[in-house]
Amino acid sequence: MKKPKMVLGGAGFYIVLLLCLAVVGVSGYMILFRGNAAAEAKSDATVSVSAPDADLFDDLDPNGPSQEILDPQTSKVPDETDVPTEAPAEMPSVKVDDTPVMATAPNLIVWPLRGAVVAAFSVDKLCYDETMGDWRTHAGVDLAAEVGTQVMAACAGTVSAVENDPLMGTTVVIKHGGGYQTTYANLQSVPTVKAGDAVTAGQIIGAVGNTAIAEAAEAPHLHFAVEKNGDVVDPQTFLKD
């Protein structure tokens, strides 16, 4: 007895055909995907190594670079104590001058006037005074000059007094630096300066007169005296030639 044959007809045929195509497409996609993945993995794992440039090794020592081998037992990093320092230069000794400072004379740059000394300075020896008729000291010098002869300041200073002394007549006193003081006596009654005036060396301060009663027996002259801190000194020691 023969089995009956199954025949697909119409819609059934197309359904089977569609399923076959789907299976073939899926299989092809899987094969293609696996091939690409394998190629990418191979590409990532492959490292391209280029041949070295021969020029880079032209200057190298064929025996290899020389290196200094440091012995860790002997090598040492220098510190500040290992750095040699220059010894400081010895400072020269300074000698201290303990010589006492002596007072210097004022800068008397001019004579009050030019004239012969008719009575010298004398405080250690008594001199006979013709006017007073006795022996006494003379704390200045008397410089001969005609009445009216101009009298100049011996050095710069400030006029401290202009007075009419009972014995020495019209007198001008000038204070200078260093404790010095100069006195000009037997002047005419009206000097050319007044107390408080600043004067310079050689400035005219008055003129020779005949007002000194204590020296009236002498020829016309200027009585000139110098003091240092209140002590009389020889004017000729300080007057310049």
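In every chain, residue numbers begin from 1 and rise along the written sequence. Reporting of local features is limited, given that this is a predicted model, to residues whose pLDDT is at least 70; pairs of side-chain atoms are given and counted only at 80 or more, and all residues count toward the totals for whole chains, interfaces and linings. In computing side-chain values, all of the structure's heavy atoms are included and hydrogens and water are not.

A word on the packing of aromatic side chains
Any pair of aromatic rings gets described here by the distance separating the centres and the angle formed by the planes.
Phase 1 of the analysis: Within 6.5 Å between ring centres, the rings of Phe, Tyr and Trp (the latter by its six-membered ring) count as paired, and their orientation is classed by plane angle as stacked under 30 degrees, edge-to-face over 60, tilted in between. Applying the stated criterion to the full structure yields one aromatic pair.
Phase 2 of the analysis: Seen from their ring centres, tyrosine 184 and phenylalanine 224 are 5.2 Å apart, and the 45° between their planes marks the pair as tilted. You can see tyrosine 184 sitting in strand β8 (residues 180-187) and its partner phenylalanine 224 sitting in strand β11 (residues 221-228), a full 40 residues away along the chain. The pair tyrosine 184 / phenylalanine 224 is uniform in exposure class, with both members buried. To qualify as a helix, a DSSP run of H or I must reach at least 4 residues; to qualify as a strand, a run of E must reach at least 2; elements of each kind are numbered from the N terminus. Residue exposure (1.4 Å probe, protein chains only): buried if accessible area is under 20% of the type maximum, exposed if over 50%, otherwise partly exposed.

A closer look at the pattern of salt bridges
Phase 1 of the analysis: By salt bridge we mean one thing: a side-chain nitrogen of Lys or Arg within 4 Å of a carboxyl oxygen of Asp or Glu. Summed over the entire model, instances satisfying the criterion amount to one salt bridge.
Phase 2 of the analysis: The closest approach of N and O atoms between lysine 194 and aspartate 197, which form a salt bridge, is 3.3 Å.
Phase 3 of the analysis: Relative accessible area serves as the criterion here: at 22%, aspartate 197 is assigned to the partly exposed category.

Focus: the environment of threonine 149
Phase 1 of the analysis: Within the secondary structure, threonine 149 sits in the loop between β4 (141-144) and β5 (150-152).
Phase 2 of the analysis: With residues up to four places along the chain from it excluded, the contact list for threonine 149 reads Leu113, Gly206, Ala207 and Val208. Any two residues having at least one pair of non-hydrogen atoms within 4.5 Å are treated as being in contact.

A few points about unusual backbone geometry
Phase 1 of the analysis: Its identity is not glycine, yet asparagine 186 carries a phi of approximately 65°, on the positive side.
Phase 2 of the analysis: With respect to the helices, strands and loops of the structure, asparagine 186 is situated in strand β8.
Phase 3 of the analysis: The exposure class assigned to asparagine 186 is buried, which follows from its relative accessible area of 4%.
Phase 4 of the analysis: One non-glycine residue, asparagine 229, lies in positive phi territory at about 55°.
Phase 5 of the analysis: Locating asparagine 229 in the fold gives a position in the loop between β11 and β12 (231-233).

Brief notes about the side chain of glutamate 215
Phase 1 of the analysis: Residue position: glutamate 215 is located in the loop between β10 (204-207) and β11.
Phase 2 of the analysis: The exposure class of glutamate 215 is buried, given its relative accessible area of 7%.
Phase 3 of the analysis: Nitrogen and oxygen atoms within 3.5 Å of one another constitute a polar contact, given that in protein one can donate a hydrogen and the other can accept it, and given that sequence-neighbouring residues count only through two side-chain atoms. Within the structure, the side chain of glutamate 215 is placed 2.6 Å from the side chain of histidine 221, a separation counted as a polar contact.

Notes on the layout of surface pockets
Phase 1 of the analysis: Lining residues are defined by having an atom within 4 Å of a point belonging to a cavity or pocket. Those points lie on a 1 Å grid over the protein atoms alone, cavities being sets where a 1.4 Å probe fits but cannot get out and pockets being open sets with protein on both sides within 12 Å along at least five of seven lines. Grid points are joined across faces, edges and corners, and a volume is the space filled by probe spheres set on the points. Approximately 610 Å³ is the volume attributed to the largest pocket.
Phase 2 of the analysis: If you trace the largest pocket, you find 27 residues lining it, with Thr137, His138, Met168, Glu215 and His223 closest to the centre.
Phase 3 of the analysis: Elements that contribute at least two residues to the lining of the largest pocket include exactly β1 (117-119), β2 (122-129), β3 (134-138), β6 (157-165), β8 and β11.
Phase 4 of the analysis: In terms of residue class, the lining of the largest pocket is built from 12 nonpolar, six polar and nine charged. Nonpolar residues are Ala, Val, Leu, Ile, Met, Phe, Trp, Tyr, Cys and Pro. Charged residues are Asp, Glu, Lys and Arg, and all others, Gly as well, are polar.

Just distances and angles here, no functional claims.
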